Amino acid sequence: MSEERSMKGSEWLARALAGTGMTHVFFVESVLRRTLLELADLGVTPILAHSEKAAAYMADGYARVMRRPGVCMAQSVGAANLASGLQDPYLGRSPVIALTGRKEPSFQHRNAYQEVAHAPLFAAVTKFSTPVDTTGELPRLLRHAWRAALADTPRPTHLDFSGLQGDVIELGQTSEPPVIDPEARRIPAHRPVADAADIERAAAALTAARRVAIVAGDGAAASEAGPEVLALAEALAAPVATTLGARGIIPTTHRLSAGVAGSYSAPPANRIVDGAELVLFVGCDTGDQVTLNWTVPARDTPVVQIDADPVEIGRSYPNTIGVLGDPKASLARLNLLIGRPARDTGFAEEAARIVADWRATMAPLLESASSPSSVERLCAEVTRALPPDGILVADTGYSGIWTGTMIELNGAGQTYLRAAGSLGWSFPASLGAKCAAPGRKVLCFTGDGGFYYHLAELETARRCGIAVTVVVNNNSGFGQNLTGVRRIAGNRPGRGEELVRFGPTDFTAVARSFGVRGIRVERVDALAPALSEAIQADEPVVVDVVTDIEPRAPAPWAPARP
Ligand SMILES: Cc1ncc(C[n+]2csc(CCOP(=O)(O)OP(=O)(O)O)c2C)c(N)n1
């Protein structure tokens, strides 16, 4: 075995990160300067962001597309901002590794300038967070942070380096080999196959039930289980609903596709899941969003649940047959066992009719020729414009609902990423996504309210040549919130609207002031050419689409239960 020479922490860290195949890291000055210089020498591009939260979102978008850890960095006073940016990757189950500086131990507990305790800030948004006090501990702790970030369930981890800029760790010596992950694993890091007896029980329950609905979640998407989900759906004649995050796990126009279920949904999926006599959850957290506050399906519905994380099994539905294992690998076994049984196709046909009826009611809006454009028409144009291997990055709120209900995805080469809840996430995340997949087209779909958050990253996009298309659904306000404030204000004309209205702002003028191309769309016929020009461009482009704030996004169907 070759003896590794001793090297500085900065060299070790840079070589170890570069050795994983990492292409970019995301940071705000002043942190780990020696490491960043070494990384650049090794061909890893440091992306300087304008806020720590944006840097975290960029690392998140990068990690979700790479299916491997994304790294973000901030100095001590930026740690709180960085931690706030970890909320979305925590909720979205993304392996972001945050590196911060912290003043060395002799500065602690004596009113150090610019510093509060870091541990509590990171506790709620990481699976693992630890101080790193010596360079000798760096290899072990970084390897653990890496392993923990990737392990089921993938989530952020954090290392708090001694030294305001992490410099104490950079300057110390280590002779460990600069290797983090000798097997360079992607999500899922492991594919354990469920116990044979559990798979048999699940198969028996699924084949005995006549009306089975499948709800595939973010864990199924992370496991890349789309083909196995579809094969099972075909075998059981079972419609497939998804979480918002798993949108596009199967082709959204497939005859068995029921769409997104839960609270960010169009009516069909909830009606279909509610009408099932047994629900199969695959890699699905059964949280409030996908189950419409645990009303769809009803709490006592028989459930089969396949999940890689044992704590998810039976978490919210007591009548559950649990199958612990990687969704893709376990479904493959289940499919072998089930084969092609003779099935009553009545439920699948009923589900297809529900979807077709809803699509028929939406068709006029999707092709509406009125100006300004309907958001439905905007979505239809995005469907047409997104390349077969395109990446769609959606913001939260209505941007999640519009894209999750109205934009069709091919279930093959396209990728859909969505904010796990933090308004403004999508634009920085789309920059990270593009860094991870420079050969693919990335389209960010955001409201104007979301876009305002990180406008400064337009400068980053231009400076670093990150060619994303940003589609702004510019309705001069928080459209989603209009209904709620009006209701609370007693539905009196005009009252409460100042809480949610702003603008108008021309985002093409904003873009141009950052040196970024902008295309303003005020007439519906300009929409398709604008999207096509933007997507073809080898530079970032803002497509500022003027829309009306009044029309409401699709609302979910809810069961009438006492
Ligand atoms: C950090 C954060 N703050 C507040 C919210 C609440 N929120 C959700 S959607 C939304 C409005 C979104 O407005 P915009 O991005 O303009 O899209 P629109 O609804 O108009 O389509 C707000 C304020 C949130 N999700 N995240």
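Check the entry above for the structure.
My aim in this report is to walk through the structure given alongside it, one point at a time. The model shown is predicted, which means the values in this text are computed figures rather than measured ones.

### A few points about the sheet that holds strand β11 (residues 257-260)
Strand order in the open sheet formed by 6 strands is β11-β10-β9-β12-β13-β14, and the pairing between neighbours is parallel. Two strands bound the open sheet, and with one partner strand each, they are β11 and β14 (320-324). Strand after strand, the sheet turns through a mean of 15° between neighbouring axes, direction not considered. Across 3 bridges, the pairing between strand β9 (residues 212-216) and strand β10 (residues 240-242) is parallel. Each bridged residue has a counterpart across the sheet, and for V215 the counterpart in β10 is A241. Sheet strands in contact with helix α11 (residues 226-236) are β9, β10 and β12 (278-282), and its direction is about 170° off that of β9. Relative to β11, helix α12 (residues 267-274) is tilted by about 115°, and along the sheet it contacts β9, β10, β11 and β12.

### A word on the sheet that holds strand β19 (residues 517-521)
The 6 strands are arranged β16-β15-β17-β18-β20-β19 in an open sheet whose pairing can be described as parallel. One side of each edge strand has no neighbouring strand; the edge strands of this open sheet are β16 (415-418) and β19. Shown here is a sheet whose adjacent strand axes are inclined to one another by a mean of 20°, direction ignored. In this structure, strand β15 (residues 391-394) lies alongside strand β17 (residues 442-447), joined through 4 bridges in parallel fashion. Paired with A394 across the bridge in β17 is F445.

### A closer look at the site of the ligand
Surrounding the ligand, one finds 17 residues, the nearest of these being G449, G450, N475, G479 and Q480. The contact in question runs from a nitrogen atom of the ligand to an N or O atom on the backbone of G421, over 3.0 Å. The separation between an oxygen atom of the ligand and a polar main-chain atom of G477 is 3.0 Å. Considered on its own, the ligand offers 590 Å² of accessible surface; in the complex 78% of this is hidden by protein. For the shell around the ligand, the secondary-structure elements that each account for two or more residues are α19 (448-452) and α21 (479-488).

### Some words on the side chain of E408
Looking at the secondary structure, you find E408 in the loop between α17 (398-406) and β16. Relative accessible area serves as the criterion here: at 18%, E408 is assigned to the buried category. A distance of 2.7 Å separates the side chain of E408 from the side chain of R359, its partner in a polar contact. Residues in contact with E408, not counting those within four places in the same chain, are R247, T252, T253, R359, T383 and Q414.

### As for the packing of helix α1 (residues 9-19) against helix α2 (residues 33-41)
The angle between the axes and the distance between the axes are what describe a pair of packed helices. It is the contact of α1 with α2, at a shortest axis distance of 8 Å, that shows an interaxial angle of 45°. By the angle class used here, α1 and α2 are oblique. The way α1 lies across α2 gives a crossing that is right-handed. Residues S10, E11, L13, A14, L17 and A18 of α1 form the contact with α2, whose own contacting residues are R34, T35, E38 and L39. Broken down by class, the residue content of the contact of α1 with α2 amounts to 5 nonpolar, 2 polar and 3 charged.

So, how was this worked out
Residues numbered from 1 in each chain as written. Predicted model: local features only at pLDDT ≥ 70, side-chain atom pairs only at ≥ 80, totals over all residues. Heavy atoms only, no water. Pairing = 2+ DSSP bridges. Helix = DSSP H or I, 4+ residues; strand = E, 2+ residues; numbered from the N terminus. Axes fitted to C-alpha atoms, helices over the stretch in contact; angles between N-to-C directions. Contact = heavy atoms within 4.5 Å. Near = heavy atom within 4 Å. Polar contact = N/O pair within 3.5 Å; in protein donor to acceptor, adjacent residues only side chain to side chain. Areas by Shrake-Rupley, 256 points an atom, 1.4 Å probe, with all protein chains shown as cover. Buried < 20%, exposed > 50% of the residue type's maximum accessible area, 1.4 Å probe, protein only. Parallel < 35°, antiparallel > 145°, perpendicular 65-115°, else oblique. Left-handed = near helix turned anticlockwise from the far one by under 90°. Nonpolar A, V, L, I, M, F, W, Y, C, P; charged D, E, K, R; others polar.

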